[in-house]
Amino acid sequence: MSARLYGVDFGTSTMKIYKKNHGVIFDAKNIIAVADGDRVIAIGDEAFEMLGKTPSNIQVTFPVKNGVIADIANMLAFFNYVLNDLSKTHGKIAGAEFIVAAPTDITEVEKRAFFDLVASSDAKTKKIRIVEKPIANALGAGLDVTTANGVMIVDIGADTTEVSVLSLGGIVLSKMIPVGGNKFDEVIINNVRKKYNLIIGNKTAETIKKELACAVAPVNARTISVYGRDVVSGLPIEKEVSADFVYETLSELMYSIVDAVRIVLEKTPPEISSDIIDSGIFITGGSAKINGLDVLLTEETDLKINICKEPGNTVALGLGRIIEDSKLNMLAMTLKQTYYG
Ligand SMILES: Nc1ncnc2c1ncn2[C@@H]1O[C@H](COP(=O)(O)OP(=O)(O)OP(=O)(O)O)[C@@H](O)[C@H]1O
Ligand SMILES: [Mg+2]
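Residues numbered from 1 in each chain as written. Chains lettered and ligands numbered in written order. Predicted model: local features only at pLDDT ≥ 70, side-chain atom pairs only at ≥ 80, totals over all residues.

J.: I'd like a rundown of the sheet that holds strand 1 (residues 5-10), residues and numbers included.
T.: Pairing in this open sheet of 5 strands is mixed, and the strands run 3-2-1-9-10 from one edge to the other. The open sheet has two free edges, formed respectively by strand 3 (23-29) and strand 10 (128-132), since each of these has just one partner strand. For this sheet the average axis-to-axis angle between neighbouring strands, irrespective of direction, equals 20°. The pairing of strand 2 (residues 14-19) with strand 3 spans 6 bridges and is classified as antiparallel. Bridging from a neighbouring strand, Lys-19 pairs with Gly-23 of strand 3. Sitting on the sheet, helix 10 (residues 314-324) is in contact with strand 1, strand 2, strand 3, strand 9 (97-102) and strand 10, with an inclination near 155° to strand 1. (Pairing = 2+ DSSP bridges. Helix = DSSP H or I, 4+ residues; strand = E, 2+ residues; numbered from the N terminus. Axes fitted to C-alpha atoms, helices over the stretch in contact; angles between N-to-C directions. Contact = placed C-beta atoms within 7 Å.)

So, in structure tokens, the structure goes:
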């Protein structure tokens, strides 16, 4: 393994890059602002600030959708921008080795797109390997995935929830559903409009979610005030939004996560089920921070639920473990091993 080794998590909401011997060196919103069709004017958190405020010649887009690269041109522009920026502080990146995390429950063409993106980028490298995202995720959660002890891990991200069962360094089962933080924001926008006659943007919806969302009925009647545009008068107004309203709004989506977990549990081989009864289910992803998720999942599955520390970072930290520990290195596969092996 060369010393110039990088791990990349192309998340729908955030992109993270891990560098050998350095840790996570890049962590920003996976969003790009392009002016006049091809001029990159901002990426990451700076581009996010522009969301909903741009003139018509500036497009602000998220190149990854539902966990896969949906807009190759903008993802490549984003990645090259980041590589060129990082090379100023981290030295030459061209020719380095890359390990990329890709979801399991996607098509081979979609998986290959992660490889092709890095191969065609300014990284100018053919030394690219892919790691199944649930494996990186479990390692980042501090689990040992190489033993015969089966584990269940659930990654609740921005566009997707990936429920996986792992054993002996491989994926036994993995199911991805299109539910995550972005969907929560979307239903909050729709229901705020219906109930309060208020039009709000994505950033306000995300704030409401982070402040008030709860997977079980909230115990105290908290509210926050939000600003938006009145549907009838068209004027900017302020309204109080309650935790009860957010709970009711998100409940159906919370139960779709419960259902995905149940479906995978039903298909899990019995020997592994007994391991899961012992250790419980591990929950990661930025949306794992929603209050009461552990309570809801325990109620619905009768299993112990472990919400991981730094849940949004586990995939990048897992790539880090593969990069730093030569014993885990075999978990990263070349394209040949992955697709034609
Ligand atoms: N405190 C919080 N409460 C609720 N949701 C949160 C909180 N903090 C972050 N989130 C949500 O977590 C999501 C981002 O999670 P994460 O970084 O795991 O996604 P991702 O890896 O980019 O997406 P995916 O895995 O779907 O490709 C966003 O929707 C964000 O709003
Ligand atoms: Mg993710």
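After that view, the rundown keeps rolling.
J.: Any chance you could break down the site of ligand 1 for me, citing the residues and the numbers?
T.: With respect to spatial proximity, 23 residues lie near ligand 1, and among them Gly-11, Thr-12, Gly-157, Gly-181 and Gly-286 are the closest. Elements supplying a minimum of two residues to the shell around ligand 1: helix 5 (181-196) and helix 6 (202-212). At 3 residues, helix 6 tops the list of elements feeding residues into the shell around ligand 1. Here the shell around ligand 1 is built from residues that sort into 3 nonpolar, 14 polar and 6 charged. (Near = placed C-beta within 6 Å. Nonpolar A, V, L, I, M, F, W, Y, C, P; charged D, E, K, R; others polar.)

J.: Explain the sheet that holds strand 16 (residues 236-242) to me, using residue names and the numbers behind them.
T.: One key point about sheets: their strands pair by backbone hydrogen bonds, in either a parallel or an antiparallel sense. The strand order across the open sheet built from 3 strands is 14-15-16, with neighbouring strands paired in antiparallel fashion. Of all strands in the sheet, those with a lone pairing partner are strand 14 (198-199) and strand 16, marking the two edges. For strand 14 and strand 15 (residues 223-230), the ladder comprises 2 bridges, and the chain directions are antiparallel. Within strand 15, the residue paired with Leu-198 across the bridge is Asp-230. Sitting on the sheet, helix 6 touches strand 15 and strand 16, and the angle it makes with strand 15 is about 165°.

J.: Quick rundown of the domain arrangement of the protein chain? Include the residues and the values.
T.: When cut into domains, the protein chain gives domain 1 (5-136 + 314-339) and domain 2 (145-307). Centre-to-centre separation of domain 1 and domain 2, based on C-alpha positions: 25 Å. Between domain 1 and domain 2, the contact holds 17 residues from the first and 23 residues from the second. A total of 3 residues in the side of domain 1 that touches domain 2 trace back to one element, the largest contributor, which is helix 4 (residues 133-140). Partitioning the side of domain 1 that touches domain 2 into residue classes produces 5 nonpolar, 8 polar and 4 charged. (Domains from an automatic or database assignment.)

J.: Describe the nonpolar core, and please don't skip the residues or the numbers.
T.: Of all hydrophobic cores here, the largest spans 96 residues; its most connected members are Val-100, Val-131, Leu-319 and Ile-322. Of all the elements, helix 7 (residues 243-267) adds the most residues to this core, at 7 residues. Of the residues that make up this core, three or more belong to each of domain 1 (5-136 + 314-339) and domain 2 (145-307). Residue contacts for Ile-322: discarding those within four places in its chain leaves Ile-99, Val-131, Ala-136, Leu-139, Leu-328, Asn-329, Leu-331 and Ala-332. (Core = buried A, V, L, I, M, F, W, Y, C linked by C-beta atoms within 7 Å. Buried ≥ 20, exposed ≤ 12 C-beta atoms within 10 Å, placed from the backbone.)

J.: Describe the packing of helix 5 against helix 6, naming the residues involved and giving the relevant values.
T.: Packing of helix 5 against helix 6 brings their axes to within 9 Å, and their N-to-C directions diverge by 105°. If you check the angle between helix 5 and helix 6, you find them roughly perpendicular. Contacts between helix 5 and helix 6 pair Phe-184, Asp-185, Ile-188 and Ile-189 from the former with Asn-202, Ala-205, Glu-206, Ile-208 and Lys-209 from the latter. Classifying every residue of the contact of helix 5 with helix 6 by side-chain character gives 5 nonpolar, 1 polar and 3 charged. (Parallel < 35°, antiparallel > 145°, perpendicular 65-115°, else oblique.)

J.: Any details on the pairing of strand 5 (residues 39-43)? Residues and values, ideally.
T.: Two elements, strand 4 (residues 32-35) and strand 5, share 4 bridges in a ladder whose sense is antiparallel. The residue of strand 5 that forms the bridge with Ala-33 is Ala-42. Linkage of strand 4 to strand 5, two consecutive antiparallel strands, is achieved through a turn of 3 residues, within which Asp-36 is found at a positive phi near 50°.

J.: So what's going on with the environment of Ala-243? Which residues, and what values?
T.: Mapped onto the elements, Ala-243 comes out in helix 7. As a C-alpha pair, Ala-243 and Ala-205 span 38 residues in sequence and 13 Å in three-dimensional space. Beyond its immediate chain neighbours, meaning those up to four positions away, Ala-243 contacts Leu-212, Cys-214, Pro-218, Ala-221 and Arg-222.

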